[in-house]
Amino acid sequence: MLYVLQQLGNVTLQRLTKLGRGTFFLLHVLTGISDILRRPGLLVRQLFSVGVLTFLIITLSGLFVGMVLGLQGYYTLSDFGAEESLGVMVATSLVRELGPVVSALLFAGRAGSALTAEIGLMKATEQLSGMEMMAVDPVKRIIAPRFFAGLISMPLLAALFSMIGVLGGQMVGVGLLGVDDGAFWSQMQAKLDFSDDILNGIIKSIVFGFVASWIALFEGYDAVPTSEGVSRATTRTVVNSAFATLGLDFILTALMFGDH
Amino acid sequence: MQFARGKITAIMGPSGTGKTTLLKLIGGQLRPDQGEVVVDGENVHRLRLGDLYNLRKRMGMLFQSGALLTDMSVYDNVAFPLREHTRLTESLIRTLVLMKLQSVGLRGARNLMPNELSGGMARRVALARAIALDPMMTMYDEPFTGQDPISLGVLVKLIKMLNKTLHLTSIVVSHDVQETAAIADYIYLISDGKVVGQGTPEQISRSQSGWVRQFMHGDADGPVHFHYTDDDYLEDLFQADNQ
């Protein structure tokens with residue numbers, strides 16, 4: 001029993017210490033904004049690597065999620081004779097929830113794990129130490145551009161996901177299942193609210209991008225500089241980003257929509 | 001320990017004795033528990049971050065692995081410190097980079113990527129990068145480890161030549177006795193974090209100290225024991241039997 005308590009205490013202390021290190025790391029990264037404003041080329045390169053190269057998975061996933069939403073939504077709504085509301089249902093689900101959340105999970109899996117592996121390997125091969133000895137701050141030069149690229153990319157990727165998802169839902173609902181095209185779009189336009197739905201979705205995706213990028217970069221920076229250490233760090237990135245995304249989604253949803 | 005300006009000082013000792021740690025202390029990457037490190041009149045660990053970075057611009061370091069930036073070509077690796085710390089035009093940077101690569105014999109390899117280089121070539125590129133800003137001091141962390149005889153000879157020659165031509169102060173950490181003794185002006189032998197011998201290569205070779213003789217002659221046993229544990233061997237065997 002005592003041993004269990006000791007282990008629990010030990011693990012708790014380790015987690016808290018890591019959170020502290022991660023917070024100092026984040027503050028250091030945020031000071032890198034000045035370097036990025038002076039040298040925007042660093043950010044642009046990372047926007048391509050982190051954002052553009054995630055396009056394909058976001059687009060395909062958004063398409064299939066939208067198509068499934070259209071299919072499942074039609075069968076549910078047809079029980080109540082409300083098939084014409086399919087467009088509203090698909091758009092609201094995507095913009096409020098599925099767009100930000102699924103995009104964040106995909107971002108963590110594709111871009112986040114790549115960032116962790118990249119930074120971890122740079123640490124293992126002494127590239128970060130080499131930069132320090134060349135009087136270049138590796139956090140500002142290497143990590144900050146990647147962080148801000150993730151922060152900027154996430155809401156754009158979430159918007160892309162939602163947009164493609166709506167088109168997927170339209171393809172299935174209107175094209176395959178016979179929902180009226182005019183009703184699909186007009187009800188969506190009438191019911192979807194910019195501040196309640198779209199803006200809240202954007203806020204969620206910015207928060208998820210912030211947290212996913214932070215976790216990915218910190219796990220790489222803090223990784224044990226061995227192949228096993230980098231492998232574990234990559235796994236932790238995906239798992240912790242997923243937990244953080246889903247947990248924050250609940251909190252944000254409760255705050256944003258709790259009074260409805 | 002004192003490192004004379006313009007000389008090559010070697011730090012030698014068994015593996016795991018703190019040689020690389022010493023270089024990291026000098027470069028300010030690690031903080032000492034006690035004592036101080038003074039470089040060119042400045043206490044390294046009392047400097048503010050900006051001043052420490054300014055000091056590091058006057059230092060070059062050659063890491064054991066080379067530590068080349070793997071997403072950049074040889075040319076861009078050598079140009080990196082110039083682009084980061086100077087406002088020179090690209091054409092001037094090009095001239096400087098080619099001069100540095102020429103001095104290490106790799107001007108023709110400028111467009112290769114680090115993964116296309118042999119180990120010896122990677123070290124030479126790292127050396128060119130370490131002297132890109134014409135530092136006052138260069139630190140070499142195990143520059144000869146894992147090198148074939150030809151690459152080794154090239155590196156030895158380069159370290160000696162660059163030290164003389166550029167009036168550098170060089171600190172070489174190594175456990176390659178012959179090669180290091182051939183170029184060093186002064187040697188420190190350390191073991192278990194302590195200096196166990198020091199002097200010119202001739203003084204070291206004539207030393208009667210047990211530590212020094214064991215290391216310089218490569219004896220398997222001596223003050224640095226062969227066996228890791230001090231437990232009695234027979235007792236250990238019988239304990240295992242009783243279990």
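Here, every reference points to the structure presented above.
K.L.:
Now, about the overall build of chain A: what can you tell me, with residues and values included?
P.N.:
Across its full length, chain A holds ten helices and zero strands. Across chain A, helices and strands are ordered from the amino to the carboxyl terminus as α-α-α-α-α-α-α-α-α-α. Considered along the principal axes of its C-alpha atoms, chain A spans approximately 65 × 55 × 35 Å. Long-range pairs, those at least 24 residues apart, make up 84% of the contacts in chain A between residues at least 6 apart in sequence. Total accessible area on chain A is roughly 12600 Å²; 70% of this is exposed by carbon and sulfur atoms. One finds the centroid of the 16 positive side-chain charges in chain A at a distance of 15 Å from the centroid of its 19 negative side-chain charges.

K.L.:
Describe in detail the overall build of chain B, supporting the description with residues and values.
P.N.:
Within chain B, the regular secondary structure consists of ten helices and eight strands. Oriented by its inertia axes, the alpha-carbon framework of chain B measures out at about 75 × 40 × 40 Å. Looking at chain B as a whole, 45% of its 243 residues qualify as buried. For chain B, long-range pairs separated by at least 24 residues make up 62% of all intrachain contacts whose partners lie at least 6 apart in sequence.

K.L.:
Which residues make up the pattern of salt bridges, and what are the values?
P.N.:
Residues and elements named next belong to chain B. Summed over the entire model, instances satisfying the criterion amount to 18 salt bridges over all chains. Note that Arg5 and Asp40 form a salt bridge whose closest N and O atoms lie 2.7 Å from each other. Linking Arg5 in the segment before strand 1 (8-12) with Asp40 in the loop between strand 2 (38-39) and strand 3 (42-43), this pair joins segments that are 35 residues apart in sequence. Taking relative accessible area as the criterion, Arg5 reaches 60% and is therefore assigned exposed. Here the salt bridges share partners, and the residues they tie into one network are Arg5, Asp40, Glu42 and Arg58.

K.L.:
Summarise the sheet that holds strand 4 (residues 59-62) of chain B; cite the residues concerned and give the values.
P.N.:
All names here are of chain B. Pairing is mixed across the open sheet formed by six strands, whose spatial order is 4-5-6-1-7-8. Of all the strands in the sheet, just strand 4 and strand 8 (194-199) have a single pairing partner and so form its edges. Direction aside, the axes of adjacent strands within the sheet are offset by 15° on average. As defined by bridge partners, strand 4 adjoins strand 5 (residues 137-141) across four bridges and the pair is classed as parallel. Counterpart to Leu62 in the pairing with strand 5 is Tyr140. With respect to the sheet, helix 9 (residues 210-217) is in contact with strand 1, strand 7 (186-191) and strand 8, its orientation differing from that of strand 7 by roughly 105°.

K.L.:
Now, about unusual backbone geometry: what can you tell me, with residues and values included?
P.N.:
Backbone geometry at Ala135(A) places phi at a positive 60°, although glycine is not the residue there. Positionally, Ala135(A) belongs in the loop between helix 6 (127-133) and helix 7 (138-176). A relative accessible area of 6% means that Ala135(A) is categorised as buried. Of note in the backbone geometry, Asp40(B) takes a positive phi value of approximately 55° without being a glycine.

K.L.:
How would you explain the side chain of Asp176(B) if you had to name every residue and give the values?
P.N.:
Here Asp176(B) lies in the loop between strand 6 (169-174) and helix 7 (177-183). Not counting chain neighbours up to four residues away, the residues in contact with Asp176(B) comprise Met12(B), Phe144(B) and Thr145(B).

K.L.:
Residues and numbers for the packing of aromatic side chains, please.
P.N.:
Summed over all chains, the structure comprises nine aromatic pairs over all chains. Each ring, one from Tyr74(A) and one from Tyr75(A), has its centre 6.0 Å from the other, and the planes form 75°; the classification is edge-to-face. Summarising the aromatic geometry, the rings of Tyr186(B) and Tyr188(B) are spaced 5.3 Å apart at their centres and angled 65° between planes, so their arrangement reads as edge-to-face. With a relative accessible area of 28%, Tyr186(B) lands in the partly exposed category. Note on Tyr188(B): relative accessible area 4%, which makes it buried.

How each quantity is defined
- Residues numbered from 1 in each chain as written.
- Chains lettered and ligands numbered in written order.
- Predicted model: local features only at pLDDT ≥ 70, side-chain atom pairs only at ≥ 80, totals over all residues.
- Heavy atoms only, no water.
- Helix = DSSP H or I, 4+ residues; strand = E, 2+ residues; numbered from the N terminus.
- Contact = heavy atoms within 4.5 Å.
- Areas by Shrake-Rupley, 256 points an atom, 1.4 Å probe, with all protein chains shown as cover.
- Lys, Arg positive; Asp, Glu negative; His and termini not counted.
- Charge placed at Lys NZ, Arg CZ, Asp CG, Glu CD.
- Buried < 20%, exposed > 50% of the residue type's maximum accessible area, 1.4 Å probe, protein only.
- Salt bridge = Lys/Arg side-chain N within 4 Å of Asp/Glu carboxyl O.
- Pairing = 2+ DSSP bridges.
- Axes fitted to C-alpha atoms, helices over the stretch in contact; angles between N-to-C directions.
- Phe/Tyr/Trp six-rings, centres within 6.5 Å; stacked < 30°, edge-to-face > 60°.

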